[in-house]
Each structure stands twice: as C-alpha cells, then as structure tokens.
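Listed below, chain by chain, are the residues.
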Amino acid sequence: MTSRLTGFGVMLGSMVVSHLRNRLAMALAVFFLPLWLVLVRVSAYSSVLPFSVKAAGVRALLNSNQVAQLAGMVNAVTTVIGFMMFMTTIKAREMDRRLVLAGYSRWGLLGARFTSLMAVAAVLSLYTALLLYLSLPVRQFWWLAVSLLAATVTYGALGLMLGSLLRGELEGFFVVIMVSLVDAGMQNPTVKVVDLPGLDALPLHGALQSALASAFTPVAPGGYMMRTLVWCAGTVAVALAAFCLRARSYGAVLWTPSDRESASAALSSVP
C-alpha cells in the first residue's frame with residue numbers, strides 16, 4: 001500500500017511538472033482558444049437556420065455563427081488536450097519503467113495518470129465553457145461545462161492510448177489531427193448537409209449534441225453525453241492494457257527497500 005501511494009504521488013507530481021513545462025500546450029490552451037473563438041465569430045457566416053439538436057429532441061432555429069463558434073471550440077479544446085496527454089504519456093515511458101523496476105505499483109502509476117487527465121480536462125472544460133458564456137447566449141452553463149468535460153476526457157484518454165501504443169511523436173500528432181478533423185468535421189452542424197449513417201458512433205457525437213442542447217435550449221441533455229463516455233472507457237481500457245503489457249516484462253524484478261530508496265533518489269535527479 002505504501003509503495004502504491006508513493007508511486008501515485010511521484011507520478012502525479014511528474015505529470016503536473018510535465019504539463020507545466022509543456023509551454024506550447026499551455027500557450028495553446030490559454031491564448032489559442034480565445035483567439036480561435038474570436039476568429040470564428042468574425043468570419044463565420046451568420047444566418048438563422050434550422051438545426052437538429054438530438055440531445056434536446058428538437059429541431060431549433062439557431063444562428064449559424066453561434067453554432068460554428070460552439071462546434072469550433074469543441075474541436076479546438078479536444079485537439080489541445082489530446083496533444084497534451086499524448087506528449088506527457090510518451091515522454092513518461094522511461095519514468096514508468098524506472099518506477100516499476102523500483103518496486104512501485106503499476107496501478108498507482110496508472111491512477112496518477114488518470115487523475116492528472118481528469119484535472120486537466122476539468123480545468124480546460126471550465127475555461128472553454130466560460131469563454132463560450134462570454135460570447136454566446138448560453139442557456140445552461142454547467143451542463144455545457146459537463147458536456148465539454150465528456151469531450152475533453154475522451155480525447156485526453158485517446159492521447160493516453162496513443163502515447164502507450166505508438167513509438168514516435170510524429171505518428172501521435174498525425175493520428176490526433178486526423179481523428180479530430182474527421183470527427184469534428186463530420187459532426188459540425190454548420191458543415192454537414194445530411195446525417196450520414198454511422199455519425200452517431202463517432203466520439204464527439206454525444207458531447208457535441210449535449211453542448212448544443214445546453215447552450216441553446218432549456219432542455220437538460222441528461223445522459224446523451226454518455227455516448228461519448230463509451231469511447232472514453234474504450235480508450236482507457238486499451239491504454240491500461242498497453243501499459244500493463246509493457247510493464248509486465250520488467251515488473252517482476254524484486255527490489256529491497258534500500259534499492260527502492262536509491263532508485264527514487266536517482267529519479268528525483270532526472271530532469
């Protein structure tokens with residue numbers, strides 16, 4: 001239990017430091033999101049059109065410019081958190097290996113990683129919801145924040161999965177961008193003309209529809225966003241399996257308490 005808690009604390013601290021040192025991701029989160037919102041607001045076509053809001057069960061007349069702002073921000077924030085979690089995961093591989101070799105629990109390390117994911121997703125979701133609240137006539141702020149949380153957790157889990165499976169950073173960037181472009185592009189209500197078969201199965205479908213209902217209708221989206229969380233559970237399960245399989249080959253090495261203390265001291269000196 002002690003090694004599990006210690007491993008949790010060490011990894012959680014490492015993940016927090018890694019996020020803070022990732023200046024590009026921090027800049028994208030702090031500055032790019034409001035900039036992107038302003039760009040969409042001043043450039044997107046503005047017209048009142050009928051949009052299908054499935055989470056509310058209605059077809060409502062909405063301003064296309066406002067819908068484009070919401071869809072664009074969902075796409076932007078999910079891409080940012082996907083990159084953030086992928087980079088921290090792929091860079092922490094050596095740290096994972098050393099901690100497991102030092103005798104720390106794999107479950108403690110995994111718990112720390114998912115705790116950091118939830119914390120980052122919560123902060124980004126609240127920040128994005130606040131930006132949208134300042135730009136749009138949001139009807140249900142907290143439901144909007146929860147809908148964004150479902151989307152960010154799902155793409156954060158996707159970043160964790162890719163960081164556990166892929167070998168290089170370029171492959172991860174390419175996959176995150178391609179998945180985000182296809183998913184958000186096909187789900188964007190201002191782009192698609194017809195509902196193609198299978199769109200309901202895409203990762204962002206539930207979260208985006210819930211966000212639309214939260215922002216523009218008085219109807220609570222309820223459990224509609226659970227469709228997105230199914231994707232989250234699947235990507236988390238794959239990330240868990242990949243980590244456990246990778247760590248199993250060296251996790252059976254037994255260390256004495258003095259060995260563990262020496263390894264931990266060495267880890268603390270790793271930049």
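Preceding this section is the structure that the text describes.
Residues numbered from 1 in each chain as written. Predicted model: local features only at pLDDT ≥ 70, side-chain atom pairs only at ≥ 80, totals over all residues. Heavy atoms only, no water.

Novice: Honestly, the packing of helix 3 (residues 64-91) against helix 8 (residues 205-216) in this entry has me stumped. Any pointers?
Specialist: One can describe the packing of helix 3 onto helix 8 by two numbers: an axis separation of 11 Å at closest approach and a directional angle of 135 degrees. With respect to their mutual orientation, helix 3 and helix 8 come out oblique. The interaxial crossing formed by helix 3 with helix 8 has right-handed handedness. Within the contact between the two elements, helix 3 uses Gln-66, Val-67, Leu-70, Ala-71 and Val-74 and helix 8 uses Leu-208, Ala-211, Leu-212, Ala-215 and Phe-216. (Axes fitted to C-alpha atoms, helices over the stretch in contact; angles between N-to-C directions. Helix = DSSP H or I, 4+ residues; strand = E, 2+ residues; numbered from the N terminus. Parallel < 35°, antiparallel > 145°, perpendicular 65-115°, else oblique. Left-handed = near helix turned anticlockwise from the far one by under 90°. Contact = heavy atoms within 4.5 Å.)

Novice: Is there a simple way to explain helix 2 (residues 23-43) in this structure?
Specialist: The end-to-end C-alpha distance of helix 2, which contains 21 residues, comes to 28 Å, matching closely the 30 Å that a straight helix rising 1.5 Å per residue would cover. Along helix 2, the helix axis deviates most sharply at Phe-32, where the bend reaches about 40 degrees; the proline Pro-34 sits within four residues downstream. Buried within helix 2 we find Ala-25, Ala-29, Leu-33, Leu-37 and Val-40. In this structure, the buried residues of helix 2 make contact with helix 3 and helix 5 (106-135). (Expected span 1.5 Å × (residues − 1). Bend = angle between axes of the 7 residues up to and from the residue. Buried < 20%, exposed > 50% of the residue type's maximum accessible area, 1.4 Å probe, protein only.)

Novice: How should the packing of aromatic side chains be read in this particular structure?
Specialist: Remark: the centre distance and the inter-plane angle together describe each pair of aromatic rings, the angle taken between the planes. According to the stated counting rule, one finds 5 aromatic pairs in the structure shown. Note on Phe-32 and Trp-36: the rings are 6.0 Å apart at their centroids and 20 degrees apart in plane angle, and the pair reads as stacked. One end of the pair, Phe-32, and the other, Trp-36, are both in helix 2, 4 residues apart, so they sit about a helical turn from each other. We classify Phe-32 as partly exposed; its relative accessible area is 31%. (Phe/Tyr/Trp six-rings, centres within 6.5 Å; stacked < 30°, edge-to-face > 60°.)

Novice: What's the story with the side chain of Ser-64 in this structure? I'm lost.
Specialist: With respect to the helices and strands, Ser-64 occurs in helix 3. Exposure remark for Ser-64: the relative accessible area of 5% places this residue in the buried category. From its side chain, Ser-64 meets the backbone oxygen of Tyr-45 in a polar contact 2.7 Å long. Apart from the residues within four sequence positions on either side, Ser-64 is in contact with Tyr-45, Ser-46, Ser-47, Leu-49, Phe-51 and Thr-190. (Polar contact = N/O pair within 3.5 Å; in protein donor to acceptor, adjacent residues only side chain to side chain.)

Novice: Explain the pairing of strand 2 (residues 58-63) to me, please; I cannot follow it from the model alone.
Specialist: Consecutive side chains along a regular strand alternate between the two faces of the sheet. Strand direction decides the pairing type here: strand 1 (residues 48-53) and strand 2, joined by 6 bridges, are antiparallel. The partner of Pro-50 across the bridge, within strand 2, is Leu-61. Counting the residues in the hairpin turn of strand 1 and strand 2 gives 4 residues, including Gly-57, whose phi is positive at 70 degrees. (Pairing = 2+ DSSP bridges.)

Novice: Please clarify how a nonpolar patch on the surface should be interpreted in this entry.
Specialist: Together, Phe-173, Phe-174, Ile-177, Met-178, Leu-181, Val-182 and Met-186 line one region of the surface with nonpolar side chains, adding up to about 610 Å² of accessible area. Relative to the assigned elements, Val-182 resides in helix 7 (residues 169-187). (Patch = residues over 30% accessible without salt bridge, like charges linked within 9 Å, V, L, I, M, F, W, Y side chains within 5 Å. Areas by Shrake-Rupley, 256 points an atom, 1.4 Å probe, with all protein chains shown as cover. Salt bridge = Lys/Arg side-chain N within 4 Å of Asp/Glu carboxyl O.)

So far we have only geometry, and geometry alone does not tell us how the molecule works.
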